[in-house]
Amino acid sequence: MINIRDAEILDILPHTFKTDEYKALSRAIKALNAYVYDTLSSVLFWADIDNASAALLDAMAAELDAPFYSADLSDDQKRSVIAAAFIHNIRVGTVSSMTNLLAAAFGGGEVEQWYEYGGEPYYFRVNVESVYPAHVTQEAHDAFISNLNKLKPVRAKLEGASFKRTLTNKIYASAAILRRRKKSAIPAEKLNNYERGYQ
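Parameters at a glance
- Residues numbered from 1 in each chain as written.
- Predicted model: local features only at pLDDT ≥ 70, side-chain atom pairs only at ≥ 80, totals over all residues.
- Heavy atoms only, no water.
- Pairing = 2+ DSSP bridges.
- Helix = DSSP H or I, 4+ residues; strand = E, 2+ residues; numbered from the N terminus.
- Axes fitted to C-alpha atoms, helices over the stretch in contact; angles between N-to-C directions.
- Contact = heavy atoms within 4.5 Å.
- Buried < 20%, exposed > 50% of the residue type's maximum accessible area, 1.4 Å probe, protein only.
- Lys, Arg positive; Asp, Glu negative; His and termini not counted.
- Salt bridge = Lys/Arg side-chain N within 4 Å of Asp/Glu carboxyl O.
- Expected span 1.5 Å × (residues − 1).
- Core = buried A, V, L, I, M, F, W, Y, C linked by side-chain atoms within 4.5 Å.

K.L.:
How do you make sense of the sheet that holds strand E1 (residues 109-113) when you look at a structure like this?
P.N.:
The strands that make up a sheet pair up through hydrogen bonds in the backbone, lying either parallel or antiparallel. Strands sit in the order E1-E2-E3 across an open sheet of 3 strands; the sheet is mixed. Of all the strands in the sheet, the pair left with one neighbour each is E1 and strand E3 (157-165). When strand polarity is set aside, the average angle formed by the axes of neighbouring strands in this sheet is 15 degrees. Relative to strand E2 (residues 123-130), E1 runs antiparallel, the two being bridged by 5 bridges. In the strand pairing of E2, Val111 is matched with Val126. Together, E1 and E2 form the strand contacts of helix H4 (residues 95-106), whose direction differs from that of E1 by roughly 150 degrees.

K.L.:
Sorry, what's going on with the side chain of Arg79 here?
P.N.:
Mapped onto the elements of the fold, Arg79 is located in helix H3 (residues 75-90). Although Arg79 is buried, it makes no salt bridge; Asp76 carries the closest opposite charge, 4.1 Å away. Dropping the residues within four chain positions of it, Arg79 is found in contact with Ile49, Asp50, Asn51, Ala52 and Leu57.

K.L.:
Looking at this model, I keep getting lost on H3. Mind explaining?
P.N.:
Given a rise of 1.5 Å per residue, 16 residues ought to cover 22 Å, and the 23 Å separating the end C-alpha atoms of H3 matches this to within 8%. Listed in full, the buried residues belonging to H3 are Gln77, Lys78, Arg79, Val81, Ile82, Ala84, Ala85 and His88.

K.L.:
Hey, could you run me through the nonpolar core in this one?
P.N.:
Note that soluble globular proteins tend to have their nonpolar side chains buried in a common cluster. Phe68, Ile82, Leu102, Phe144 and Leu148 are the most contacted members of the largest nonpolar core, which has 28 residues in total. Sort the elements by how many residues they give to this core and H4 lands first, with 6 residues. Contact partners of Ile82, with chain neighbours within four places excluded, come to Ile49, Leu57, Met60, Ala61, Leu64 and Tyr69.

Written as structure tokens, this is what we have:
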């Protein structure tokens, strides 16, 4: 069986056409065909994000300049951010693009426009609901604002951002009831009255 990358036109030509000119033409077409197949195999990884290695994901994110991408993310998060970055590059500056990238990077988020909450014109707020555990540091905050500035429309201004993170912890609670006996002193004269009353 002949690999299509290594196939030559000369293989299917009749014996009468196997002259030096046709052999040279067949070799030239074979070399061009091999170049096309080698090039195709090098660009197919864009269509196969699910099977890309971590190093290839980092290279793809760098080429796309994917917002909210970090080498610290899990491979699944990296894949979802890269996929959202494809769409973002087509619809840059739209609310849906911002929402998709927030969902890919943090697991959830929404963008509120100024007219939705009664704010000043061209301002917006971001509400992020993260399902991924992350430490909030000054560097993380600065990176978030920098990435948000890449996403937003040029005339839009960030009014505020709120972060909500869902944590699942085991909480143990215990309770106890303590009964205390109250000591009280009854004078002797009253004690005699009580004893008479019970008889």
